[in-house]
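Remarks on the overall topology
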Amino acid sequence: MRDSGRHDPFGIQADVTLKTNFFATRDMCNVFLPIIKPGGRVVNVSSVMGSVALDRCSPELQARFRSDDITEEELVGLMERFVHDAQEGVHAERGWPSTAYGVSKTGLTTLTRIMAQNLTKERPGDEILCNACCPGWVRTDMVGPNATKSPDEGAVTPVHLALLPVGAKEPHGQFVSEKKVQPW
């Protein structure tokens, strides 16, 4: 996970943060999803900040991110548009919040929903579950020592999702925090 330096110009923050948190994760998933064995689990580490950023988007953007028919191609276009708008200094007037990290996590959670839908359609009998989660505010090099959770505590929800039992049908395509499905 990457949160570009807070002192960098916002357009640079947007570019670096989305390349790392959204585009690199998408690239990795596109390589690994086809080779995941039946019964596998995909857990993307997102953030509640993605939900916060989503709530700060224009109603039109919120509708697209929450849509059940958004495609990966459309989502990629939205993420590219955010970076371009941020670099041009017009992101706010075009309905985007001023948080590159938050938008990157909005994109990641939306991508996870899309991947889950695709897995259900393309590999219906394989029982692969795909979810996004928030580990919470975890003491890391990026966040610092004042965060409320230790790395072990932050691992609880991702590990819970990774170890969902064979035959489980849910959660799938959801955003999970504190081991509970959250509204998107």
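These figures come from a predicted structure and were not determined experimentally. (Residues numbered from 1 in each chain as written. Predicted model: local features only at pLDDT ≥ 70, side-chain atom pairs only at ≥ 80, totals over all residues. Heavy atoms only, no water.)

This part is about unusual backbone geometry. Of note, the bond from Glu170 into Pro171 is cis; its omega dihedral lies within 30 degrees of zero at -5°. With respect to the helices, strands and loops of the structure, Pro171 is situated in the loop between helix H7 (156–162) and strand E3 (175–177). A positive phi is found at Glu127, a non-glycine position, where the angle reads about 50°. A relative accessible area of 31% means that Glu127 is categorised as partly exposed. (Helix = DSSP H or I, 4+ residues; strand = E, 2+ residues; numbered from the N terminus. Buried < 20%, exposed > 50% of the residue type's maximum accessible area, 1.4 Å probe, protein only.)

On to the packing of aromatic side chains. Counted under the stated rule, the structure contains 5 aromatic pairs. Taking 4.9 Å as the distance between ring centres and 85° as the angle between the ring planes, the aromatic pair formed by Phe22 and Phe23 counts as edge-to-face. A residue is classified by how much of its surface remains accessible, and Phe23, at 17% relative accessible area, is buried. When the ring of Phe175 is compared with that of Trp184, the centres are 6.2 Å apart and the planes differ by 50°; the resulting orientation is tilted. For the residue pair Phe175 and Trp184, the accessibility class agrees, reading buried in each case. (Phe/Tyr/Trp six-rings, centres within 6.5 Å; stacked < 30°, edge-to-face > 60°.)

Regular strands show a simple pattern: their side chains alternate between the two faces of the sheet. Of all the 6 residues making up strand E2 (residues 129–134), 6 are buried; the element is thus mostly covered by neighbouring parts of the structure. The two faces of E2 match: Leu129, Asn131 and Cys133 on one face and Cys130, Ala132 and Cys134 on the other face are all buried.

Let us look at the nonpolar core. Among the nonpolar cores identified, the biggest contains 33 residues, and Phe65, Leu75, Met79, Phe82 and Trp96 are the most heavily contacted of them. Elements with a contribution of two residues or more to this core: helix H1 (10–32), helix H3 (59–66), helix H4 (72–88) and helix H5 (100–122). When residues in this core are grouped by element, the largest group, 8 residues, is from H5. Sequence-distant contacts of Trp96, defined by excluding residues within four places in its chain, comprise Cys57, Leu61, Phe65, Leu78, Arg81, Phe82, Asp85, His91 and Val103. Counting 6 residues, the second largest nonpolar core, distinct from the first, contains Leu129, Cys133, Leu164 and Ala168. (Core = buried A, V, L, I, M, F, W, Y, C linked by side-chain atoms within 4.5 Å. Contact = heavy atoms within 4.5 Å.)

What follows covers helix H2 (residues 48–56). Along H2, the residues that are buried comprise Gly50, Ser51, Ala53 and Leu54. Projection of H2 onto a plane perpendicular to its axis shows the buried side chains occupying an angular sector of 165°, all on one side. Away from its buried face, by an angle of more than 90 degrees, H2 presents the exposed residues Asp55 and Arg56. Considering only its buried residues, H2 is in contact with H3, H5 and E3. One side-chain oxygen of the residue at the start of H2 lies 2.9 Å from the amide nitrogen of Met49, identifying that residue as Ser47. (Arc of directions from axis to C-beta. Polar contact = N/O pair within 3.5 Å; in protein donor to acceptor, adjacent residues only side chain to side chain.)

Turning to H1, a few remarks are in order. Over its 23 residues, H1 extends 32 Å from the first C-alpha to the last, a length consistent with the 33 Å expected when each residue adds 1.5 Å. The largest bend in H1 is about 40°, located at Lys19. Turning to H1, its buried residues number three or more, namely Phe10, Gly11, Gln13, Ala14, Thr17, Leu18, Asn21, Phe22, Phe23, Thr25 and Cys29. The inward-facing, buried residues of H1 abut strand E1 (41–45), H4 and H5. (Expected span 1.5 Å × (residues − 1). Bend = angle between axes of the 7 residues up to and from the residue.)

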